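# Understanding the architecture of this molecule
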Amino acid sequence: MGDGALVAALRCEDEGALREFFLRFRPGLLQAAGRLGVDPGERESLVDDCLADVAVHLIRSDGPPPQSLPGYLARSLRNRMLNEIRSRERAERLAGLQLGVLVSMIETLALRD
């Protein structure tokens with residue numbers, strides 16, 4: 001089954017097509033995640049989330065399927081990984097700011113005594 005036929009079957013809510021979608025693209029995305037430096041313990045969940053989100057998008061979309069489904073999935077994986085990195089960096093900055101505020105409060109209280 002070609003990519004276009006696979007997308008058409010997904011849009012018809014064919015469970016076999018969903019299984020085929022995961023079986024066809026998961027191994028390559030796991031390898032791509034490894035090349036992108038994703039931690040081995042996080043690869044499977046990152047790839048599975050990416051595949052699930054793309055499948056839902058393809059099912060709900062009325063437009064034509066992507067010209068290159070493997071390329072579309074690779075870009076989706078890369079974007080998801082970058083979003084994850086940005087999210088962690090924001091969380092680390094926020095934690096650092098909160099720590100800085102706590103240190104300032106402690107120093108202020110220490111000066112009052």
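Residues numbered from 1 in each chain as written. Predicted model: local features only at pLDDT ≥ 70, side-chain atom pairs only at ≥ 80, totals over all residues. Heavy atoms only, no water.

### Structural notes on the packing of helix α1 (residues 3-11) against helix α2 (residues 15-35)
To keep things clear, this is the line we draw: Here, axes are lines fitted to C-alpha atoms. For helices the fit covers the stretch in contact, and angles between N-to-C directions go from 0 to 180 degrees. Think of it this way: any DSSP run of H or I at least four residues long counts as a helix, any run of E at least two long counts as a strand, and we number them from the N terminus. Every angle not falling under 35 degrees, over 145, or within 65 to 115 is termed oblique; those three ranges are roughly parallel, roughly antiparallel and roughly perpendicular. Should any heavy atoms of two residues lie within 4.5 Å, those residues are counted as being in contact. Under this grouping Gly is polar, as are all residues other than the nonpolar Ala, Val, Leu, Ile, Met, Phe, Trp, Tyr, Cys and Pro and the charged Asp, Glu, Lys and Arg.
Remark: α1 packs on α2, axes separated minimally by 8 Å, with the N-to-C direction vectors making an angle of 140°. By the angle between their axes, α1 is oblique relative to α2. Across the interface between the two elements, Asp-3, Leu-6, Ala-9 and Leu-10 from α1 touch Ala-17, Leu-18, Glu-20, Phe-21, Arg-24 and Phe-25 from α2. Counted by class, the contact of α1 with α2 contains seven nonpolar, no polar and three charged residues.

### Quick notes on the pattern of salt bridges
Put simply, the rule reads: The working definition used for a salt bridge is a side-chain nitrogen of Lys or Arg within 4 Å of a carboxyl oxygen of Asp or Glu. Partly exposed describes any residue whose relative accessible area lies between the buried limit of under 20% and the exposed limit of over 50%, with all areas from a 1.4 Å probe on protein chains only and scaled to the type maximum.
Within this structure, the stated rule accounts for five salt bridges. Here Glu-20 and Arg-24 are joined by a salt bridge, their closest N and O atoms 3.2 Å apart. Taken as a pair, Glu-20 and Arg-24 lie in helix α2 at a separation of four residues, close to a single helical turn. A residue is classified by how much of its surface remains accessible, and Glu-20, at 32% relative accessible area, is partly exposed. Classification of Arg-24 by relative accessible area gives partly exposed; the value is 26%.

### Brief notes about α1
As a reminder, the rule being used: To be clear, the arc concerns the directions from the helix axis to the C-beta atoms.
Considered for burial, the residues of α1 that qualify are Leu-6, Val-7, Ala-9 and Leu-10. Taken end-on, α1 shows its buried residues confined to a sector of 160°, consistent with a single buried face. Backbone geometry just downstream of α1 places Glu-13 in the positive-phi region, at approximately 60°.

### A closer look at the confidence of the model for the protein
For clarity, the cut-off: A score from 0 to 100, pLDDT tells how confident the predictor is in each residue.
Per-residue confidence for the protein averages 86 on the pLDDT scale, and 82% of its residues sit at or above 70. Confidence, read as mean pLDDT per element, is least for helix α4 (residues 69-112) in the protein (77) and greatest for α2 (95).

### Topic: the nonpolar core
Operational definition: The criterion is simple. A nonpolar core is a set of buried Ala, Val, Leu, Ile, Met, Phe, Trp, Tyr and Cys residues joined through side-chain atoms within 4.5 Å.
Phe-21, Phe-25, Leu-51, Leu-58, Leu-69, Leu-73 and Leu-77 are the most contacted members of the largest nonpolar core, which totals 22 residues. Broken down by secondary-structure element, the contributors of at least two residues to this core are α1, α2, α3 (40-60) and α4. It is α3 that contributes the most residues to this core, seven residues altogether. Those residues in contact with Phe-25, other than ones at most four positions away along the chain, are Asp-3, Leu-6, Leu-51, Leu-69, Pro-70 and Leu-73.

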